[in-house]
Amino acid sequence: MGLESSLISAYGDKIKPKKMVIAGHFDPEAVAAVEQASARGWVEPVFCGGSFSGRTKGMDHMCLSLDVPEAKDRAAGMAASGEAEAIMITGPLDREILNLLGRPDSKYKSARILSYISVFLAPRDGRLTLLTDPLFNATPCLKDKIAIIENGIEAAASLGIQAPLIAAVAPLELVNPDMPSTLDAAIISKMSQRGQFGEAVIEGPLGMDNAESASAAGVKNIVSPVPGHVDIYFFPDLESASITAQFISYLGPCEMGGLVAGSDFPVILRSSLETGNSWLTNILLGVL
């Protein structure tokens with residue numbers, strides 16, 4: 001069973017329909033996914049802007065005079081004011097969109113940091129697994145890392161993972177003062193031991209071998225429930241997270257979806273880590 005069918009089977013019947021405004025460049029795969037999501041009762045879609053004019057039969061439209069940037073801004077304003085419950089940004093995920101999401105005055109932002117979470121079924125056991133942050137935060141400081149982890153814990157809870165096991169991944173499992181990623185992972189792990197992340201259990205620093213294999217962790221005297229049973233992989237920076245997600249997606253191969261975390265309302269998009277047919281998966285993840 002693939003990621004999309006697994007998520008639909010587990011959660012498809014539990015979703016209350018949300019009014020979703022769609023803005024961006026015309027994308028036939030995205031429109032087809034919206035039609036499917038509407039038919040399943042997940043969303044009540046409204047297309048915003050002139051790029052969809054005449055291209056979406058039987059769907060509601062608004063603001064046909066707006067160009068793509070204006071339509072995106074209008075969609076965000078509607079969600080921020082409560083006129084809509086979710087937005088979807090179609091077309092390629094380019095620098096324009098990342099800048100729009102990251103601006104200090106952006107309607108998409110909340111008091112929390114925005115982060116991206118890739119979702120896939122672990123090849124070793126087919127378990128739903130999260131990976132963060134492969135898209136937004138290039139070099140997060142310790143404070144940002146804590147917020148990214150909190151976003152991941154919240155997303156995991158929405159997917160039924162109430163006490164996630166989290167691997168704070170680093171180049172090696174030993175704390176090295178010359179490698180800040182190992183120091184931050186150790187601090188976060190100690191915070192977890194003291195209950196600062198609720199029921200989540202965070203172990204780190206962990207090399208990928210220790211994270212993936214309980215026996216490899218045992219050889220290095222790492223006693224923890226996390227190795228071999230990871231629910232969330234937390235990476236120290238965007239480069240390591242993105243490269244790993246690309247490896248999983250393209251060389252696995254492993255079907256992958258994703259969601260934006262930290263916003264006050266669902267923001268549904270598709271990153272370059274995912275294929276065109278992941279739109280329906282991402283809509284489902286977003287409205288969950």
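Right, let's walk through the structure included here. Model, not experiment: these values are computed from the prediction. (Residues numbered from 1 in each chain as written. Predicted model: local features only at pLDDT ≥ 70, side-chain atom pairs only at ≥ 80, totals over all residues. Heavy atoms only, no water.)

**Description of unusual backbone geometry**
Here is step 1 of the chain: Residue Asp133 follows Thr132 across a cis peptide bond; omega there is 0°.
Here is step 2 of the chain: Positionally, Asp133 belongs in the loop between strand 6 (128–132) and helix 5 (142–158).
Here is step 3 of the chain: Pro205 follows Gly204 through a cis peptide bond whose omega is 0°.
Here is step 4 of the chain: For Cys63, which is not glycine, the phi torsion reads 50° and is therefore positive.
Here is step 5 of the chain: The residue Cys63 is located in the loop between strand 3 (60–62) and helix 3 (68–81) in this model.
Here is step 6 of the chain: Of note in the backbone geometry, Asn221 takes a positive phi value of approximately 60° without being a glycine. (Helix = DSSP H or I, 4+ residues; strand = E, 2+ residues; numbered from the N terminus.)

**Regarding the environment of Val287**
Here is step 1 of the chain: Among the structural elements, Val287 can be located in helix 10 (residues 279–287).
Here is step 2 of the chain: Residue class for Val287 comes out buried when judged on its relative accessible area of 4%.
Here is step 3 of the chain: Along the primary structure Val287 and Asp184 are separated by 103 residues, whereas in three dimensions their C-alpha atoms are 32 Å apart.
Here is step 4 of the chain: What Val287 contacts, discounting residues up to four positions off in sequence, is Ile15, Lys18, Trp42, Val43 and Ile268. (Buried < 20%, exposed > 50% of the residue type's maximum accessible area, 1.4 Å probe, protein only. Contact = heavy atoms within 4.5 Å.)

**Observations regarding the sheet that holds strand 10 (residues 256–261)**
Here is step 1 of the chain: With mixed pairing, six strands are arranged side by side in an open sheet as 8-7-9-6-5-10. Taken across any chain shown, the strands that pair with only one partner, and hence form the sheet edges, are strand 8 (201–206) and strand 10. The sheet shows a mean angle of 25° between the axes of neighbouring strands, taken without regard to direction.
Here is step 2 of the chain: Inspection of the sheet shows strand 5 (residues 115–121) paired to strand 6 by five bridges, in the antiparallel sense. Pairing of Ser118 across the sheet is with Leu131, part of strand 6.
Here is step 3 of the chain: Across the sheet, helix 1 (residues 3–11) is in contact with strand 5, strand 6 and strand 10; its angle to strand 5 comes to roughly 95°.
Here is step 4 of the chain: Most of the contacts of helix 6 (residues 180–193) go to strand 8, to which it runs at about 160°, and overall it touches strand 7 (165–169), strand 8 and strand 9 (232–234). (Pairing = 2+ DSSP bridges. Axes fitted to C-alpha atoms, helices over the stretch in contact; angles between N-to-C directions.)

**Regarding empty space enclosed by the protein**
To find the voids left in a structure, one rolls a probe of water-molecule size over its atoms.
Here is step 1 of the chain: Across all of its chains, the model carries one cavity of 30 Å³ or more by this definition.
Here is step 2 of the chain: One number sums up the size of the largest cavity: a volume of about 30 Å³.
Here is step 3 of the chain: Lys145, Ala168, Val169, Ser181, Asp184, Ala185, Ile188, Phe234 and Pro236 together form the lining of the largest cavity.
Here is step 4 of the chain: Of all the secondary-structure elements, those providing two or more residues to the lining of the largest cavity are strand 7 and helix 6.
Here is step 5 of the chain: When residues in the lining of the largest cavity are grouped by element, the largest group, four residues, is from helix 6.
Here is step 6 of the chain: For the lining of the largest cavity, the per-class residue count stands at six nonpolar, one polar and two charged. (1 Å grid on protein atoms, 1.4 Å probe; cavity = no way out; pocket = protein on both sides within 12 Å on 5 of 7 lines; lining within 4 Å. Points joined across faces, edges and corners; volume = space filled by probe spheres on them. Nonpolar A, V, L, I, M, F, W, Y, C, P; charged D, E, K, R; others polar.)

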